[in-house]
Amino acid sequence: VQLQASGGGLVQAGGSLRLSCTGSGRLFNGYKMGWFRRAQGKEREFVAAISRDGGTTFVAGSMKGRFTISRDNAKNTVYLQMNTLRPEDTAIYYCAAETNSGSYFRTAPYEWTYWGQGTQVTVSS
């Protein structure tokens, strides 16, 4: 599957952004989908993941309550709604897909198979 992320930009602290990631190629609903981010000088970190049917989600602790992941399989798209943004949320955000059939979500970047190109999110203070 090929992934294309969009929706990044510059926003003031406290603001919101919605990222989108559209997939093409093989059946989109065959993949668990996730978002990761990489801040300058830091390792890529897990943000959120969603099951194939969208019924189960998992958001990393520091972002829980502020970020929401969702998907629309009819549109081959996964979303990341980010609210109450903070300067420390500044990073390049990547969407990813993987085919693990287990009920758990993998959080290590190396465990995810397909990656989008990333979209920059900058939060000013």
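The structure under discussion appears in the preceding block.
In what follows, the accompanying structure is described. In this text, all values refer to a predicted model and were calculated from it rather than measured experimentally.

So, the state of the cysteines
Taken as a whole, this structure holds 1 disulfide when the rule is applied. Note on cysteine connectivity: Cys21 is disulfide-linked to Cys95, with sulfurs 2.1 Å apart. Because the torsion about its S-S bond is 60°, the bridge between Cys21 and Cys95 counts as right-handed. Highlighted residues: Cys21 in strand E3 (residues 17-24) and Cys95 in strand E9 (residues 91-98), separated in sequence by 74 residues. Here the two residues Cys21 and Cys95 agree in accessibility, since each one is buried.

Some remarks on the pattern of salt bridges
Any two side chains of opposite charge can pair, on the condition that their charged atoms come close. Taken as a whole, this structure holds 3 salt bridges when the rule is applied. The shortest N-O distance in the salt bridge between Asp89 and Arg37 comes to 2.9 Å. Here the residue Asp89 occupies a position in the loop between strand E8 (77-82) and E9, and Arg37 occupies one in strand E4 (residues 32-38), the gap between them amounting to 52 residues. For the pair shown, Asp89 and Arg37 are each scored as buried. In this structure, Asp89 and Arg66 form a salt bridge, with 2.7 Å as the shortest nitrogen-oxygen distance. Taken together, the residues span a long stretch of sequence, with Asp89 in the loop between E8 and E9 and Arg66 in the loop between strand E6 (57-59) and strand E7 (67-72) at a distance of 23 residues. According to the relative accessible area criterion, Arg66 is buried, its value standing at 8%.

Some remarks on the pairing of E8
Sheet faces and side chains relate simply in a regular strand, where the side chains alternate between the two faces. Most of E8 sits out of view: 5 of its 6 residues are buried. Where E3 meets E8, 6 bridges bridge the pair, whose relative direction is antiparallel. Considered in E8, the bridge of Leu17 is made with Met82. Linkage of E7 to E8, two consecutive antiparallel strands, is achieved through a turn of 4 residues, within which Asn76 is found at a positive phi near 55°.

Examining the nonpolar core
With 36 residues, the main nonpolar core has Met33, Trp35, Phe67, Leu80, Met82 and Tyr93 as its most contacted residues. Looking at this core, the elements that each hand over two or more residues are strand E1 (2-6), E3, E4, strand E5 (45-50), E7, E8, E9 and strand E11 (119-124). Once residues lying within four places of it in the same chain are set aside, the contact partners of Met82 are Gly15, Ser16, Leu17, Leu19, Arg66, Phe67, Tyr93 and Val121.

A closer look at the sheet that holds E7
In space, the 4 strands of this open sheet follow the order E1-E3-E8-E7, with antiparallel pairing throughout. Here the strands that pair on one side only, and so sit at the sheet edges, are E1 and E7. Neighbour-to-neighbour, the strand axes of the sheet open up by a mean angle of 15°, direction not taken into account. As paired elements, E1 and E3 share 5 bridges and run antiparallel to each other. Counted as the bridge partner of Ala5 is Cys21 from E3.

Cut-off values and rules
- Residues numbered from 1 in each chain as written.
- Predicted model: local features only at pLDDT ≥ 70, side-chain atom pairs only at ≥ 80, totals over all residues.
- Heavy atoms only, no water.
- Disulfide = S-S within 2.5 Å.
- Helix = DSSP H or I, 4+ residues; strand = E, 2+ residues; numbered from the N terminus.
- Buried < 20%, exposed > 50% of the residue type's maximum accessible area, 1.4 Å probe, protein only.
- Salt bridge = Lys/Arg side-chain N within 4 Å of Asp/Glu carboxyl O.
- Pairing = 2+ DSSP bridges.
- Core = buried A, V, L, I, M, F, W, Y, C linked by side-chain atoms within 4.5 Å.
- Contact = heavy atoms within 4.5 Å.
- Axes fitted to C-alpha atoms, helices over the stretch in contact; angles between N-to-C directions.

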